[in-house]
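Single-letter residue listing:
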Amino acid sequence: MTWSDLPFNPDRKVLRQFAGLWLAVFLLLAAHQSWNQERPALGLALAAAAIVVGLPGWFKPSLLRPVFVAWMVVVFPIGWLVSYAVLAALYFVVLTPVALFFRLRGRDLLDLKPEPGRESYWEPKQCPLDPHSYFRQY
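Residues numbered from 1 in each chain as written. Predicted model: local features only at pLDDT ≥ 70, side-chain atom pairs only at ≥ 80, totals over all residues. Heavy atoms only, no water.

Asks: Which residues make up helix 1 (residues 12–36), and what values do they have?
Replies: When the terminal C-alpha atoms of helix 1 are compared, their 35 Å separation across 25 residues agrees well with the 36 Å that a helix rising 1.5 Å per residue should span. Those residues of helix 1 lying buried are Leu15, Phe18, Ala19, Trp22, Leu23, Phe26, Ala30 and Gln33. At its buried positions, helix 1 is contacted by helix 2 (40–59) and helix 3 (65–105). Looking one or two residues beyond helix 1, the residue adopting positive phi is Glu38, at roughly 55 degrees. (Helix = DSSP H or I, 4+ residues; strand = E, 2+ residues; numbered from the N terminus. Expected span 1.5 Å × (residues − 1). Buried < 20%, exposed > 50% of the residue type's maximum accessible area, 1.4 Å probe, protein only. Contact = heavy atoms within 4.5 Å.)

Printed below as a string of structure tokens:
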């Protein structure tokens, strides 16, 4: 994802979904702060933020456009960093050890290792007996 992929002009459906998620998440955070953390003042502030931003955004999504765009711009670097970190971790933690294991075992399914005594690397292909099998690929 690049900066040009950011939705600077989202449609009404996306804005309404954002308003609904804003309302749900902030009300859940408010309930958590009020009941579990015993901080009713913070819970009340979060509930007020949920209602003040979420409800008008639900009924008139265009009001929420600046909040949505600002949110996307703020969280873009986080998403970019996390996605590359996950890909790097997947590569170095999963794929590299598997490849090293296969290399140590001598696995060469593509026959890429040169064999000095071999005259040709040509492999004959078995042709199907029935020409209609070309239409049944799977």
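Asks: Any details on the packing of helix 1 against helix 3? Residues and values, ideally.
Replies: The geometry of helix 1 relative to helix 3 is characterised by a closest axis approach of 10 Å and an angle of 80 degrees between their N-to-C directions. The angle between the axes of helix 1 and helix 3 places the two elements in the roughly perpendicular class. Residues Val14, Leu15, Phe18 and Trp22 of helix 1 lie in contact with helix 3, whose contacting residues are Arg65, Val67, Phe68 and Trp71. (Axes fitted to C-alpha atoms, helices over the stretch in contact; angles between N-to-C directions. Parallel < 35°, antiparallel > 145°, perpendicular 65-115°, else oblique.)

Asks: Describe the environment of Glu119, listing the residues and the values that go with them.
Replies: With respect to the helices and strands, the residue Glu119 is situated in the segment after helix 3. Sequence spacing of Glu119 and Leu104 is 15 residues, and the spatial spacing of their C-alpha atoms is 26 Å.

Asks: How would you sum up the pattern of salt bridges? Please name residues and give values.
Replies: Per the stated rule, a full pass over the model turns up three salt bridges. The salt bridge involving Glu123 is made with Arg118; its shortest N-O contact spans 3.1 Å. Since its relative accessible area comes to 26%, Arg118 is described here as partly exposed. Each of the salt bridges in this network shares a partner with another, and the network as a whole consists of Glu115, Arg118 and Glu123. (Salt bridge = Lys/Arg side-chain N within 4 Å of Asp/Glu carboxyl O.)

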